[in-house]
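Coordinate inspection notes
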Amino acid sequence: MSENKVTYKDIFRQFEYMKIIISAIVNRFGDSIDAIASTWIVYELTGSAAWSAIIFGINRVPTIFITPLAGAWVEGRNKKAIMVSTDFIRAACVAYVATGYLLSLLQPWMLIVTTLIISTAEAFRGPANMALTPKVLKKEYLEYGLSLESTLSSVAELIGTAAAAGIIAVIGTAGAIYVDMATFIISALIISTINTNEKGLIKQKFDKKEYFETLKDGFGYVKSEKIILFFLMVCVFLNVILIPFNSLQAPLASEILGGGAELLSLLGITATVGMLLGSITYPVVQQMLKGKLILFMGCMGMAAFYIIIPIAKPLYMNRAVVYIFTGVLSLIMGYTIALMSAYMNVFAMKQIKEEYLARISGINTAIGIAAVPVASFVVSALVAYVDTGVMFVVSGILVLFIGVILLNNKMTDTETEEIRQSELAG
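For clarity, every value in this text was computed on a predicted model and none was experimentally measured.

Calculation notes
Residues numbered from 1 in each chain as written. Predicted model: local features only at pLDDT ≥ 70, side-chain atom pairs only at ≥ 80, totals over all residues. Heavy atoms only, no water. Salt bridge = Lys/Arg side-chain N within 4 Å of Asp/Glu carboxyl O. Helix = DSSP H or I, 4+ residues; strand = E, 2+ residues; numbered from the N terminus. Buried < 20%, exposed > 50% of the residue type's maximum accessible area, 1.4 Å probe, protein only. Axes fitted to C-alpha atoms, helices over the stretch in contact; angles between N-to-C directions. Parallel < 35°, antiparallel > 145°, perpendicular 65-115°, else oblique. Left-handed = near helix turned anticlockwise from the far one by under 90°. Contact = heavy atoms within 4.5 Å. Nonpolar A, V, L, I, M, F, W, Y, C, P; charged D, E, K, R; others polar. pLDDT = per-residue confidence, 0-100.

1. Re the pattern of salt bridges
Counted under the stated rule, the structure contains 5 salt bridges. For Arg 125, the salt bridge identified is with Asp 87, shortest N-O distance 2.8 Å. You can see Arg 125 sitting in helix α6 (residues 108-136) and its partner Asp 87 sitting in helix α5 (residues 79-102), a full 38 residues away along the chain. Residue classification places Arg 125 among the buried residues on the basis of a relative accessible area of 12%. We classify Asp 87 as buried; its relative accessible area is 0%. The shortest N-O distance in the salt bridge between Arg 90 and Glu 122 comes to 3.2 Å. In this pair, Arg 90 sits in helix α5 while Glu 122 sits in helix α6, placing the two residues 32 residues apart along the sequence. If you follow the salt bridges from partner to partner, you end up with Asp 87, Arg 90, Glu 122 and Arg 125 in one network.

2. Remarks on the packing of helix α9 (residues 226-241) against helix α14 (residues 319-351)
Close contact between α9 and α14 brings their axes to 11 Å; oriented N to C, the two are set at 155°. Accordingly, the angle class assigned to the pair α9 and α14 is roughly antiparallel. Considering the relative orientation of α9 and α14, their crossing is left-handed. Counting all contacts with α9, which are made through Ile 227, Ile 228, Phe 230, Phe 231, Val 234, Cys 235, Phe 237 and Leu 238, the residues of α14 involved are Met 340, Ser 341, Met 344, Phe 347, Ala 348 and Gln 351. The residue makeup of the contact of α9 with α14, split by class, is 12 nonpolar, 2 polar and no charged.

3. Description of the confidence of the model for the protein
Here the protein averages 79 in pLDDT, while 81% of its residues score no lower than 70. Within the protein, the lowest mean pLDDT, 44, falls on helix α17 (residues 416-425), and the highest, 92, falls on α5. Note on residues 414-426: pLDDT is under 50 here. Beyond four places in sequence and across chains, it has 16 contacts.

4. Focus: the environment of Gly 268
With respect to the secondary-structure elements, Gly 268 resides in helix α12 (residues 261-288). Of the residues examined, Gly 268 reaches a relative accessible area of 32% and is grouped as partly exposed. Taking the C-alpha atoms as reference points, Gly 268 and Gly 327, 59 residues apart in sequence, are found 9.4 Å from one another.

In structure tokens form, the structure reads like this:
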């Protein structure tokens, strides 16, 4: 079947991959409820905002330091078994938290321990999930398959976030955490039924020397393949360039737009809707535009938001104008970001050798997460000397500059296999 004839209907017929999608939907729904319930538990237990920040920071530690190691460990092992095991581990941890809270036995240090265990399990699950996908979904289905998974997962997250308050009101905070536990168990059961075609796997004992050789080989692969290094750099850029938007929304709403919390809600809703639209329309867009144009369009969407919002401040005389103007630009930014993200996901699946997928996934996740606090520190240092509007305009100019580079970079051509062959020949 040629790629331009693939539709979403074809994805629904990929029964093994649909199990992965259903598992992702269930997971995302539970996580969105847990995010609100857990935040409330931390604050109610400690009465301190600082503890919330500590828990948030600790949650990122395994992602940064363990994910690259986990990615190397996952290679050559049964990815399905790893995903099932980590889902059960996460279920056990949240059950422990919910039960401890219900019985008034929960202590802050217990939250730290369970948070570390859960995020460590997720550090193994992520690379396993990425490496498993091409085993159950052919390359010609990747654009539509990954787009459908992203779209439905985002919808599940929105539903879970909207339903969280009602769920907590009806069955309590502990009950909401138990719902999260149930989603992990359901996810594990669904994954366990997948026929993954993982053949030739031999039960391995941990060999430290072989393990570090595998890890070293992964970094060597990144170093030797320019196209993979390019992939990692673009992914880091996507993580970093959204820092001003995520961290300066409050001053944006107050200082530039002259509003309050209602604008924060508007920004969140319109950006999310834009990302949903971007995810679901990506397969059609990629048939019309080359990869370099998709990435450039993404940069243009972000630059438009960053530059136009502060520059147009003299026009904000009417509140309706502010809401419409801000909502439209936020929608465009969310849409183009989703296109960029979808393109990079498919790019990775198609261009990274299957035996390296888990390792590269681990390296990419760790680098991306590690770059966020560094970029956040830089932004916080700069806004001490320049106002929010200037910060946004500078960010927009930077995005435009990166967009021009991507537009003129041969790595973003669709004929990536020809690039690989020419590099080998050279």
